[in-house]
Amino acid sequence: MDQPEEPLIPNPEFENSDASFIQQVQRLHKLTLYGRWLFVGCLWLTIGPVSLWGLRAEISLWEQYFTWVAVRYGLFYHPLSTFGLAFCIGMTAAVLVWQSRNILFGLPKSEKQRLEKQVYRIRQQGPSHPLWKWVCH
């Protein structure tokens, strides 16, 4: 079923290593995750369709006579569409690999420290920080 996420190990250099601080670090990590997927979704909603539209003639040709050579030449002669699709696919793969690594191996120590420092800065700035209500509410 739904298991609670394993709490992040706090950095001993911070005096705010209480349970609420750990929870705030987890919320910030979750916001980072959602932000990355939102960025990828926006890429697929903006750049993806434009790139596919640039390849519409080749795609109809591929539907009739699909060969890898036709795909290669279609992508070669439409460099902007190819770059747009490659960027969308690359960013999607990067976020998938990043999230999979975090799920399988946990957050690296450097990323935990970065998140903890960012939560500490959000706490210091207080309600005027844009992420205050999502992280420290």
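Treat the numbers as computed from the prediction; the structure is a model and nothing was measured.

Peer 1: Can you walk me through the pattern of salt bridges in this structure?
Peer 2: Between side chains of opposite charge, pairing is possible as soon as their charged atoms come close. Across all of its chains, the model carries 3 salt bridges by this definition. A salt bridge links R123 to D18, with the shortest nitrogen-to-oxygen separation between them at 4.0 Å. Placement of R123 in helix α5 (residues 109–125) and of D18 in the segment before α1 (19–54) is noted, with a sequence separation of 105 residues between them. For R123, a relative accessible area of 24% translates into the label partly exposed. The shortest N-O distance in the salt bridge between E111 and R101 comes to 3.2 Å. Here E111 is found in helix α5, whereas its partner R101 is found in helix α4 (residues 79–105), with 10 residues between them in sequence. E111 sits in the buried class, given a relative accessible area of 10%. The class of R101 is partly exposed, set by a relative accessible area of 30%. Sharing partners across several salt bridges, the network here consists of R101, E111 and R114.

Peer 1: What exactly am I supposed to notice about the packing of aromatic side chains here?
Peer 2: Working definition: an aromatic ring pair is given by the centre-to-centre distance plus the angle between the planes. As enumerated under the stated definition, the model contains 4 aromatic pairs in all. When the ring of F76 is compared with that of Y77, the centres are 5.1 Å apart and the planes differ by 85 degrees; the resulting orientation is edge-to-face. Each member of the pair, F76 as well as Y77, carries the same accessibility label: exposed. The interplanar angle of 20 degrees and the centroid separation of 6.3 Å between the aromatic rings of F83 and F87 together place this pair among those described as stacked. Placement of the pair is F83 and F87 together in helix α4, with a separation of 4 residues, close to one helical turn. F83 sits in the exposed class, given a relative accessible area of 60%. Taken together through their ring pairs, the aromatic side chains of Y73, F76 and Y77 make up a single cluster. Over the aromatic face of W98 sits the side chain of R36, whose NZ or CZ is 3.9 Å from the ring centroid. Taking the ring centre of Y73 as reference, the NZ or CZ of R72 above it sits at 5.7 Å.

The rules we used
- Residues numbered from 1 in each chain as written.
- Predicted model: local features only at pLDDT ≥ 70, side-chain atom pairs only at ≥ 80, totals over all residues.
- Heavy atoms only, no water.
- Salt bridge = Lys/Arg side-chain N within 4 Å of Asp/Glu carboxyl O.
- Helix = DSSP H or I, 4+ residues; strand = E, 2+ residues; numbered from the N terminus.
- Buried < 20%, exposed > 50% of the residue type's maximum accessible area, 1.4 Å probe, protein only.
- Phe/Tyr/Trp six-rings, centres within 6.5 Å; stacked < 30°, edge-to-face > 60°.
- Lys NZ or Arg CZ within 6 Å of the ring centre and 35° of its normal.

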